[in-house]
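These are the residues of each chain, in order.
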Amino acid sequence: MAGSANLNGDSRIENLISARKSLKLSLEKSKSLGLALEKAGPRLEEIGQRLPSLEAAVRPIRADKDALVAVGGHINRAVGPAAAVLKVFDAVHGLEKSLLSDPRNDLAGYMAVLKRLEEALRFLGENCGLAIQWLEDIVEYLEDNTVADERYLANLKKALKNLRELQNDEEKARLDGGLLEAALDKLENEFRQLLTENSVPLPMAAALGDQACIAPSPLPVSVIHKLQAILGRLKANNRLEKCISIYVEVRSSNVRASLQALNLDYLEISVSEFNDVQSIEGYIGQWGKHLEFAVKHLFEAEYKLCNDVFERMGLDVWMGCFSRIAAQAGILAFLQFGKTVTESKKDPIKLLKLLDIFASLNKLRLDFNRLFGGAACAEIQNLTRDLIKSVIDGAAEIFWELLLQVELQRQSPPPLDGNVPRLVSFITDYCNKLLGDDYKPILTQVLIIHRSWKRQSFQEKLLVTEILNIVKAVELNLETWIKAYEDPMLMNFFAMNNHWHLYKHLKGTKLGDLLGDSWLREHENYKEYYSTIFLRESWGKLPSHLSREGLILFSGGRATARDLVKKRLKKFNEVFDEMYGKQSGWVMPERDLREKTCQLIVQAVVPVYRSYMQNYGPLVEQEASSTKYAKYTVQKLEEMLSCLYRPKPVRHASLRGRQFSGKYGNGMPDLRRTASAVV
C-alpha cells in the first residue's frame, strides 16, 4: 500500500512539472505573438496605404478587353506627331551655332541657315498644336475607358494644359528659345554696317561744278544685292520698318555730312536776325547754287538708291523712305530759308532777290516734280507751293507799287550837294536790270502767273509800259527838284549832273532803246545847256575881277597901280574863296563830266590869272604882306580847280539802306548812297 501511494505521488509531481513547462511555453509563445503583432501593425498600415495603388494597377486588367486592345493604336498615332516635333526641335538647336556667328563671314550661307530655321519654326508652328491635340485625345480615351491611373492622367492633363497655354501666348511662344530674334538682330546690325561702311560724303570738288548730270548710284551693286537679301528676310519676319529707320538714319546723316562743307548755317537765320534783304543778299545767291547742288547731286542720288535698294518692297515703301531722308537731310531748311526771305521787309532789292529765288526754283521744277511728286512727299510739296506763292505775290506787289514809291519821293528835298539823287541812279540801274535778259523773262513769267491767279490776262507791253511810267515819274521828280533850289548855280549844277547821268547810263541799254534816241539827245542837250549856264554864271564871272583897266604904268604912277592890283586881287581872292568853299562840297559822280567841267573852269580862270600875275604880280610880291594878295600860285589854283566835285569816299560797312515809304517803311533806299553800294 505504501508503495502504491509513493507511485501516485511521483506521478502528480511529474504532471505538475509538465504543466508548469507547458504554461511557461504558452507564456513565451504569447509573448512572442504579442511582439509579432506589435511589429505587424506598421506593415499592415503600409499595406493598407498601398492597396489603392495596387487596385489602380490592377484596374486595367479589369478594363474592357476591346478598349485594352485599341489603346495601343491610339497611343502610337499620338506619339508619332509628337516625336516628329521633338525631332525638329533637335534640328533647331543644331542651327544655333551657325546663327549666332557673324553673318559677314558668309552672308549667303547665313541666310540659307536662317531660312532653314524659319522653315523649322513654321513646321513647329503648324504641327505643335496638332501633336498636343492628339495627346489630349489619347488622354481623354484613357480616361473614358479607365485604362490608366487617374493621378497619371491628371499629370498628363496638367502638362498638356501648360503646352496649350504656351502655344496661345504669343509673348511666351519661343519655340526656338529666342534664336530667330537673335539672328534677325544680327542681320539688322549687318544691314547697318554695310550701309555705314559704304556711305561716303560726296566730295565738293566733284560736285560744285556746272555739270548737271544725274549722279550715279553711291553704293556698289554687290552691296545693294546684299542689302536687298537682308531686307527680304527681315520683311518676311515683320522687321521691315526697323530696317527703313536704319536706312533713313544712315543715308540722311551722309547727305548732311556732304552739305556741311557748304557752311549752311545761314539757312537757320530768322526774320528778326536781319534788317532787310540787302544784308543777306549774298546768302540768297549761295542758296540757289546750294539748292541746285543738293537736288541734282545728293537727293537725285538718294532717290535712285532708294529705288535700287527697296524696289522689291513696292513704290510706297521706297518713296516713303526717300521722303524721310530728304526731310531729315535738309530740304525743308532750304525751303524755309526762302520763306524767310519772302517775310522780310519790302524794298526794291527784295524784288530782284525774289526773282532770283523764283528762277532757282523754276530751274529745278522738273527735278522737284520727279523727286518730290509722290504722296509721301506731301510736306515738301506743301512747303514748295507756299514758297512759290509767297515769292510770286511778293514780287508782283513790289513791282506794281514801285511807281507809287517813286512819286512819293517827289516831295522830298533835293540833295544839298547837287549830286545825282540816290533814287535817280538806283532807278536807272534797277529798271535796266528788270529789262535785261537775266530778269525780264523771269519777271514776265511771275506777272503772268500772278495775274492768272486773278483770272486776268497779261501782255508784255504792260511790263514795258509800267517801267516807262517809272522813268517818266523820275523825270517829273527831277523837274520838281530843279525848281526847288534857291541857288541858281546849284540848280544848274544839279540839272547838268542828272541830265548827263540819264543820257550816259541809259544810252545803249534796253531801257535807252525803249526811250528812243530823241529822248536821249534831249537829255544830252539839256546837259550842254545847263553846263553852259553854270560855267557862265559862276566861274566864268571870276576873271572879270582881274581887270587891267587903269594899270598902264607911267612915271610916278607905280603906287597907284600897286593899289589897284591889291584891290583887284583881294576881290578875286574873296570871290574865289567864297565860290570854291561853296562848291568844294558839291559832287559830280560821273568822272568824264567832272573832268570836262573842271577843265573848262581851269581854261576860263587859270590863263587869265597866270597872265595877270606875270604882269602885275611883281607889284605886290615884294611887299611883306604879299601873301595877302598873291594868295595862290598859278599851280596851286589849277590844282584846286582840277580837284573839284569829287565824290566823297563811300563806306561799305553796311548795306542797309532805308526802305520804301508809307507802309513800306522810311522812304526809298538812302538817296545819299551811291549806286555801287546798292546791288
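Residues numbered from 1 in each chain as written. Predicted model: local features only at pLDDT ≥ 70, side-chain atom pairs only at ≥ 80, totals over all residues. Heavy atoms only, no water.

If you check an unreviewed UniProt entry, the protein chain appears there as Exocyst subunit Exo70 family protein from Arachis hypogaea. We quote the UniProt Sequence similarities (unreviewed entry) comment for the protein chain here in full: "Belongs to the EXO70 family." Database annotation for the protein chain, UniProt heading Function (unreviewed entry): "Component of the exocyst complex." (UniProt positions renumbered as here; feature names shortened; annotations may be inferred.)

> Whenever I open this one, the overall build of the protein chain confuses me. Can you help?
If you tally the helices and strands in the protein chain, you get 23 helices and zero strands. The 679 residues of the protein chain split such that 44% are buried. Taken as a whole, the protein chain presents about 36700 Å² of accessible surface, with 53% of it coming from carbon and sulfur. (Helix = DSSP H or I, 4+ residues; strand = E, 2+ residues; numbered from the N terminus. Buried < 20%, exposed > 50% of the residue type's maximum accessible area, 1.4 Å probe, protein only. Areas by Shrake-Rupley, 256 points an atom, 1.4 Å probe, with all protein chains shown as cover.)

> I'm lost on the packing of aromatic side chains in this one. Help?
Centre-to-centre distance and the angle between the planes together describe a pair of aromatic rings. As enumerated under the stated definition, the model contains 25 aromatic pairs in all. Centroid distance Tyr-266 to Tyr-283: 5.2 Å. Interplanar angle 5°. Geometry classified as stacked. Of this pair, Tyr-266 sits in the loop between α7 (240-260) and α8 (281-310) while Tyr-283 sits in helix α8, placing them 17 residues apart in sequence. Look at Tyr-266 and you get buried, because its relative accessible area is 5%. Aromatic pair Phe-572 and Tyr-609: ring centres 5.2 Å apart, planes at 20°, arrangement stacked. Of this pair, Phe-572 sits in helix α20 (residues 558-583) while Tyr-609 sits in helix α21 (residues 591-621), placing them 37 residues apart in sequence. The exposure class of Tyr-609 is buried, given its relative accessible area of 0%. Three or more aromatic residues joined by ring pairs form one cluster here, namely Phe-299, Tyr-303, Trp-318, Phe-322, Phe-368 and Phe-372. (Phe/Tyr/Trp six-rings, centres within 6.5 Å; stacked < 30°, edge-to-face > 60°.)

> Got a minute to help me understand the nonpolar core in this structure?
A general feature of soluble globular proteins is that nonpolar side chains tend to end up buried together. Judged by nonpolar contacts, the single largest core of 162 residues is most densely connected at Tyr-247, Phe-299, Phe-372, Trp-539, Phe-576, Leu-641 and Tyr-645. The biggest single contributor to this core is α8, with 13 residues. The contact partners of Trp-539, leaving out residues within four places of it in the chain, are Phe-534, Phe-576, Met-579, Tyr-580, Gln-583, Ile-601, Val-605, Leu-641, Leu-644 and Tyr-645. (Core = buried A, V, L, I, M, F, W, Y, C linked by side-chain atoms within 4.5 Å. Contact = heavy atoms within 4.5 Å.)

> Would you take a moment to explain the packing of helix α11 (residues 348-363) against helix α15 (residues 440-453) for this structure?
For any two helices packed against each other, one specifies the crossing angle of their axes together with the interaxial distance. α15 packs onto α11 with a crossing angle of 85° between their chain directions and a minimal axis gap of 10 Å. Considering the angle they form, α11 stands roughly perpendicular to α15. On α15, the residues that touch Leu-355, Phe-358, Ala-359 and Asn-362 of α11 are Ile-442, Leu-443, Gln-445, Val-446 and Ile-449. The residue makeup of the contact of α11 with α15, split by class, is seven nonpolar, two polar and no charged. (Axes fitted to C-alpha atoms, helices over the stretch in contact; angles between N-to-C directions. Parallel < 35°, antiparallel > 145°, perpendicular 65-115°, else oblique. Nonpolar A, V, L, I, M, F, W, Y, C, P; charged D, E, K, R; others polar.)

> I'm lost on unusual backbone geometry in this one. Help?
Excluding glycine, most residues fall at negative phi; most peptide bonds, likewise, are trans. One non-glycine residue with positive phi stands out, namely Asn-263, at about 55°. Relative to the assigned elements, Asn-263 resides in the loop between α7 and α8. Even without being glycine, Arg-455 reaches a positive phi, approximately 60°. Mapped onto the secondary structure, Arg-455 falls in the loop between α15 and α16 (460-484).

> Help me understand the state of the cysteines, please; the structure alone is not making it clear to me.
Should the sulfur atoms of two cysteines be covalently bonded, the bond is a disulfide. Overall, the coordinates contain zero disulfides when judged by the stated rule. Unpaired in this structure, Cys-306 has its nearest cysteine sulfur neighbour in Cys-321, at a distance of 4.0 Å. According to the relative accessible area criterion, Cys-306 is buried, its value standing at 0%. (Disulfide = S-S within 2.5 Å.)

> Would you take a moment to explain the pattern of salt bridges for this structure?
Two side chains that carry opposite charge are able to pair once their charged atoms sit near each other. Counted under the stated rule, the structure contains 25 salt bridges. Between Glu-249 and Arg-192 there is a salt bridge, with its nearest N and O atoms 3.2 Å apart. Here Arg-192 lies in helix α5 (residues 179-198) and Glu-249 lies in helix α7, a separation of 57 residues in the sequence. Through salt bridges that share partners, Asp-185, Glu-188, Arg-239 and Lys-242 make up one connected network. (Salt bridge = Lys/Arg side-chain N within 4 Å of Asp/Glu carboxyl O.)

> Teacher, can you tell me more about the confidence of the model for the protein chain here?
Note that predicted coordinates carrying low pLDDT should not be read in detail. Residues with a pLDDT of 70 or more make up 71% of the protein chain, whose mean pLDDT is 80. Long-range and interchain partners of residues 210-216, a stretch whose pLDDT sits below 50, account for twelve contacts in this model, where long-range means more than four residues apart. Across residues 652-679, confidence stays below pLDDT 50; counting only partners more than four residues off in sequence or on other chains, it has 84 contacts. (pLDDT = per-residue confidence, 0-100.)

> Explain the side chain of Thr-444 here, please?
Structurally, Thr-444 can be placed in helix α15. Residue classification places Thr-444 among the buried residues on the basis of a relative accessible area of 14%.

> Before we go on, may I ask you to explain the environment of Ile-331 in this structure?
Tracing the chain through its elements places Ile-331 in helix α10 (residues 331-342). With 32 residues separating them in the primary sequence, Ile-331 and Phe-299 have C-alpha atoms 8.9 Å apart. Apart from the residues lying within four places of it in its own chain, the contact partners of Ile-331 are Leu-291, Phe-299, Ala-326, Phe-368, Phe-372 and Ile-380.

> Teacher, can you tell me more about the packing of α8 against α10 here?
With their axes 11 Å apart at the nearest point, α8 and α10 run at an angle of 155° to one another. When the axes of α8 and α10 are compared, the pair comes out roughly antiparallel. Here the hand of the crossing between α8 and α10 comes out left-handed. Residue-level contacts link Tyr-283, Ile-284, Trp-287, His-290, Leu-291, Ala-294 and Phe-299 of α8 to Ile-331, Phe-334, Phe-337, Gly-338 and Val-341 of α10. (Left-handed = near helix turned anticlockwise from the far one by under 90°.)

> Sorry, what's going on with α21 here?
Each full turn of the α-helix corresponds to 3.6 residues, which orients residues three or four apart in the same direction. With 31 residues, α21 should reach 45 Å at 1.5 Å per residue; the first-to-last C-alpha distance of 37 Å falls well below that figure. Roughly 55° is the biggest bend found in α21, and it falls at Asn-615, with proline Pro-618 one to four residues downstream. (Expected span 1.5 Å × (residues − 1). Bend = angle between axes of the 7 residues up to and from the residue.)

> I tried to follow the environment of Leu-264 on my own but got confused; where do I start?
In this structure, Leu-264 sits in the loop between α7 and α8. Accessibility expressed as a relative area gives 16% for Leu-264, which makes it buried. It is 8.6 Å that separates the C-alpha atoms of Leu-264 and Trp-287, two residues lying 23 residues apart in sequence.

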